[in-house]
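The chain contents come next:
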Amino acid sequence: QVTLVESGGGLAQPGGSLMISCAASRSISSSDTMGWYRQAPGKQRELVAIVASTSTPNYADSVKGRFTISRDNAKNMVTLQMNSLKPEDTAVYYCYYYRRISATSYWGQGTQVTVSS
């Protein structure tokens, strides 16, 4: 079993920046996948950014050039740096982890990001 604990988030003004982090409760392998999804009110959960093993990160078109995902396997963490925030980025952001050896997915509890003036 793996527990994901998110931190960061909060309120930002349009054009501002925020960083959210996610720490896994156990060691993660370089072959595992980690990423971020988000869900806005009344909308389906959608992929924001994801990085699998040593491959190039994938981003949603809506965040390309503004968001950067980073993972640190030694610290069992993944972070999402969000710049040039827009009101439409407002959502609950969920950390995602796929453990390859057991083919099991895990989700964090979610952290609220609100972009408003």
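This text gives an overview of the structure that appears in the document. Since the structure is predicted, the reported quantities are computational estimates derived from the model, not experimental observations. (Residues numbered from 1 in each chain as written. Predicted model: local features only at pLDDT ≥ 70, side-chain atom pairs only at ≥ 80, totals over all residues. Heavy atoms only, no water.)

Description of unusual backbone geometry
Right, on to step 1. Phi is positive for Ser84, which is not a glycine, with a value near 50°.
Right, on to step 2. Tracing the chain through its elements places Ser84 in the loop between strand E8 (77-82) and strand E9 (91-99).
Right, on to step 3. Residue classification places Ser84 among the partly exposed residues on the basis of a relative accessible area of 41%.
Right, on to step 4. Residue Ala103 is not a glycine yet carries a positive backbone phi of 50°.
Right, on to step 5. The residue Ala103 is located in the loop between E9 and strand E10 (104-107) in this model.
Right, on to step 6. Residue Ala103 is classed as exposed on the basis of its relative accessible area of 53%. (Helix = DSSP H or I, 4+ residues; strand = E, 2+ residues; numbered from the N terminus. Buried < 20%, exposed > 50% of the residue type's maximum accessible area, 1.4 Å probe, protein only.)

What about the state of the cysteines?
Right, on to step 1. Using the criterion set out here, one finds one disulfide in the structure.
Right, on to step 2. Covalently, Cys22 is tied to Cys95 through a disulfide, its sulfur atoms 2.1 Å apart. Taking the torsion about the sulfur-sulfur bond, which here is approximately -80°, the covalent link between Cys22 and Cys95 counts as left-handed. Linking Cys22 in strand E3 (residues 18-24) with Cys95 in strand E9, this pair joins segments that are 73 residues apart in sequence. (Disulfide = S-S within 2.5 Å.)

Some words on the packing of aromatic side chains
Right, on to step 1. Following the criterion strictly, the structure yields four aromatic pairs and no others.
Right, on to step 2. Their ring planes at 70° and their centres at 5.0 Å tell us that Tyr37 and Trp107 sit as a pair that is edge-to-face. On the criterion of sequence distance, the pair formed by Tyr37 in strand E4 (residues 33-39) and Trp107 in strand E10 is long-range, its members being 70 residues apart.
Right, on to step 3. Take Trp107: its relative accessible area is 37%, and that puts it in the partly exposed class.
Right, on to step 4. With a centroid separation of 5.9 Å and 25° between ring planes, the pair formed by Tyr97 and Tyr106 is classed as stacked. For the pair Tyr97 and Tyr106, a shared accessibility class is recorded, and that class is buried.
Right, on to step 5. Cluster of aromatic residues (ring-pair linked, three or more members): Tyr37, Tyr96 and Trp107.
Right, on to step 6. It is Arg45 that lies over the ring of Tyr94; its NZ or CZ is 3.7 Å from the centre. (Phe/Tyr/Trp six-rings, centres within 6.5 Å; stacked < 30°, edge-to-face > 60°. Lys NZ or Arg CZ within 6 Å of the ring centre and 35° of its normal.)

Examining the environment of Gly8
Right, on to step 1. Take Gly8: it is sitting in strand E1 (residues 4-8).
Right, on to step 2. Judged by relative accessible area, Gly8 falls into the partly exposed class, the value being 46%.
Right, on to step 3. Other than its neighbours up to four places away in sequence, Gly8 contacts Met19, Ile20 and Thr111. (Contact = heavy atoms within 4.5 Å.)

Comments concerning the sheet that holds E3
Right, on to step 1. Pairing is antiparallel across the open sheet formed by four strands, whose spatial order is E1-E3-E8-E7. Strands at the two margins of the open sheet, each flanked by one partner only, are E1 and strand E7 (67-72). This sheet shows a mean twist of 15° between the axes of neighbouring strands, independent of strand direction.
Right, on to step 2. Inspection of the sheet shows E3 paired to E8 by six bridges, in the antiparallel sense. Among the inter-strand pairings, Cys22 is bridged to a residue of E8, identified as Val78. (Pairing = 2+ DSSP bridges. Axes fitted to C-alpha atoms, helices over the stretch in contact; angles between N-to-C directions.)

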